[in-house]
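Tertiary structure, described
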Amino acid sequence: MASLKEELLESYLIGGQERFYRLAYSYLRDREEALDAVQTAVCRCLERRDSLRDEAALGTWFTRILVNTCMDLLRQRRRVTFVPPEALDAGSYEDPLPEDGALADRVNGLPPEAQTVVKLRFYEDMTLREISEVTGWNLNTVKSRLYAGLKKLRVSLEGVTLE
Amino acid sequence: MNEFKKAREDYEATPIPQELEDRVRAGIRQGKANYRRRRWRKYAAGTAACLVVLAGALNLSPTVAAAAAEVPVLGGLFRVLTVRDFHGEEDGINYDISVPGVEAEGELAQRVNDVIQEKVNAHLAKAQQDWEDYKEAFFATGGTEEEWGERTMDVIVDYEVKSQTDARLSFVVTFGEGWVASMEETYCYNLDLAEDRDITLAELLGENWVEQCNEAVRAGIAASVDEEGFTFFFPPEEGGFATVDESTAFYIREDGVPVLVFPRYSIAAGAAGSPEFPVE
């Protein structure tokens, strides 16, 4: 029984590795750190497999572990990043403007919570309800974080399906 | 939403590193091992008290056990003991602590024990501080109590006896802290207990020890380059290996060969771990 679950997890993790890496990389923008994050999340997933009760929820459960790992790394980095004064420009005090490069880059400049909602919604095609399960935030929080994120991105809300 | 279409294409074009699959498989192996360890620990904690201070468990090496059994305390005789053994959880921190102590005549053993004890205390204090700081940052950036509850941190102190003869002892103490990323430090001790002093690379290898070691390291780095020219080791101009010196850590292998140990990240990317080079 336990080994069946082990096999299921293993084939899911091997099969989805490229998707996991892309998601991790989009948070961390660093090859080595993204690899570390994927490895850590994979390790945690097997370590804590007893907490996965419903196997149909594997996708949201693992995404949750991976996103938490990436957000933790970002938080930790925020705590220790040393930014030399000459690297700061006035622009970094302001929200990114539409002309500051591609939308993908601007998404990566959002606060981690808003980033998560935007990425899961538009890159991973999750519904808001699924995002709520992945993040553990309630549906209204997810919605407001998505609106806030999109507003910051100055993306037109026309044609965005939010459900 | 054409803007997002483009963003999504960029996202999907993220280049995938070649070693990804190896890393995923490594994570699977690690996770399986930790799962068994945890289960075992839960079981052990339920059946026995898990805090044992000053257990004095004898390191079960045949040489040492035999020597200890046959000869009463003589000059040069020594034992390596676990002087502190603690495995358990407290405030979200999993402790896995086995602190070694050297029992021998002479000042050296005492000095080594004191140094180790000091490092252990500093390590535990730092781990607790890191955990507190992290907790603060976690809540300050919008984490919830519920999310926090899922988090744990591993704090490890462990040791390994690499080799021992009648009067010579080589062992490595590892300090680890594992949460979002892992930190690991190792310290090597090579003791000549008959003469009550530390063993140096110079006395093991002779006067050309620096060149000999450098050659071994360079050969090891050269051998690590794969067919595509990739290696985890940094080039010398980017902070890679330059030369060994008196402070280079090493242990002595069972066959007497010294093995150089470099801290993680010091001369290679983190993925290479803590690189070791035998000097044969």
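Structure: above.
To start, this report covers the structure provided alongside it. Computed from a predicted structure; not experimentally measured. (Residues numbered from 1 in each chain as written. Chains lettered and ligands numbered in written order. Predicted model: local features only at pLDDT ≥ 70, side-chain atom pairs only at ≥ 80, totals over all residues.)

What follows concerns the overall build of chain A. Within chain A, the secondary structure is distributed over eight helices and zero strands. Listed by position from the N terminus, the elements making up chain A come as α-α-α-α-α-α-α-α. Considering chain A as a whole, with its 163 residues, one finds that 39% of them fall into the buried category. Sequence-distant contacts, at least 24 apart, represent 60% of the contacts inside chain A between residues at least 6 apart. (Helix = DSSP H or I, 4+ residues; strand = E, 2+ residues; numbered from the N terminus. Buried ≥ 20, exposed ≤ 12 C-beta atoms within 10 Å, placed from the backbone. Contact = placed C-beta atoms within 7 Å.)

On to the overall build of chain B. Looking only at helices and strands, chain B has seven helices and ten strands in total. Within chain B, the proportion of its 280 residues that are buried is 22%. By sequence separation, contacts in chain B at least 24 residues apart represent 54% of the contacts at least 6 residues apart.

On the chain A side, the residues contacting the 38 residues of chain B number 39 residues. Elements with a minimum of two residues in the side of chain B that touches chain A: α1 (2-12), α2 (20-47), α4 (107-140) and α5 (145-149) of chain B. For the side of chain B that touches chain A, the leading source of residues is α2 of chain B, giving 13 residues. Residue composition of the side of chain B that touches chain A, by class: 17 nonpolar, eight polar and 13 charged. (Nonpolar A, V, L, I, M, F, W, Y, C, P; charged D, E, K, R; others polar.)

Attention now moves to the sheet that holds strand β10 (residues 276-278) of chain B. Residues and elements named next belong to chain B. Pairing is antiparallel across the open sheet formed by three strands, whose spatial order is β8-β9-β10. Each edge of the open sheet carries a strand with a single partner, namely β8 (249-252) and β10. With strand direction ignored, the average angle separating the axes of adjacent strands in the sheet is 25°. Here four bridges tie β8 to strand β9 (residues 258-261), and the two strands are oriented antiparallel to one another. By the bridge assignment for β9, Ala249 is matched with Val261. Those strands touched by helix α7 (residues 209-224) are β9 and β10, and its axis lies near 120° from that of β10. (Pairing = 2+ DSSP bridges. Axes fitted to C-alpha atoms, helices over the stretch in contact; angles between N-to-C directions.)

The next thing to look at is the pairing of strand β2 (residues 78-90) of chain B. Residue and element names in this part refer to chain B. Bridge analysis of β2 against strand β3 (residues 93-104) gives twelve bridges, and the strand direction is antiparallel. Within the sheet, the bridge partner assigned to Glu90 lies in β3 and is Ile93. With antiparallel pairing between neighbouring strands as the criterion, β2 and β3 make up a hairpin whose turn holds two residues, including Asp91 at a positive phi of roughly 50°.

What follows concerns helix α3 (residues 31-47) of chain A. One full turn of an α-helix is made of 3.6 residues, so residues set three or four places apart face in the same direction. For α3 of chain A, built from 17 residues, the straight-helix expectation of 24 Å at 1.5 Å per residue is met to within 8% by its first-to-last C-alpha distance of 24 Å. Taking burial as the measure, the 17 residues of α3 of chain A include 14 buried ones, the bulk of the element. (Expected span 1.5 Å × (residues − 1).)

All right, on to α4 of chain B then. Residues and elements named next belong to chain B. With 34 residues, α4 extends 49 Å from end C-alpha to end C-alpha; this agrees with the ideal 50 Å at 1.5 Å per step. Among all positions in α4, only Leu108, Ala109, Val112, Ile116, His123, Ala127 and Tyr134 are buried. Once α4 finishes, Gly142 follows within two positions and takes phi at roughly 95°, a positive value.

Our next topic: the nonpolar core. In terms of nonpolar packing, the biggest core is built from 49 residues, with Ala24, Val38, Val42, Leu66 and Cys70 of chain A touching the most fellow members. A domain-level breakdown of this core finds at least three residues from each of domain 1 (1-81) and domain 2 (95-163) of chain A. Those residues within four positions of Cys70 of chain A in sequence are excluded, and the remaining contacts are Ala24, Tyr27, Leu28 and Ala37 of chain A. By size, the runner-up hydrophobic cluster in this structure holds 35 residues, among which are Leu81, Tyr159, Val172 and Val244 of chain B. (Core = buried A, V, L, I, M, F, W, Y, C linked by C-beta atoms within 7 Å. Domains from an automatic or database assignment.)

As a further point, take unusual backbone geometry. Residue and element names in this part refer to chain A. Unusually for a residue other than glycine, Arg29 sits at a positive phi of about 50°. Considering the arrangement of structural elements, one finds Arg29 in the loop between α2 (17-28) and α3. Look at Arg29 and you get exposed, because 11 C-beta atoms sit within 10 Å. With phi around 55°, Asp125 is a residue other than glycine that occupies positive phi space. By C-beta crowding, Asp125 is classed as exposed, having 9 other C-beta atoms within 10 Å.

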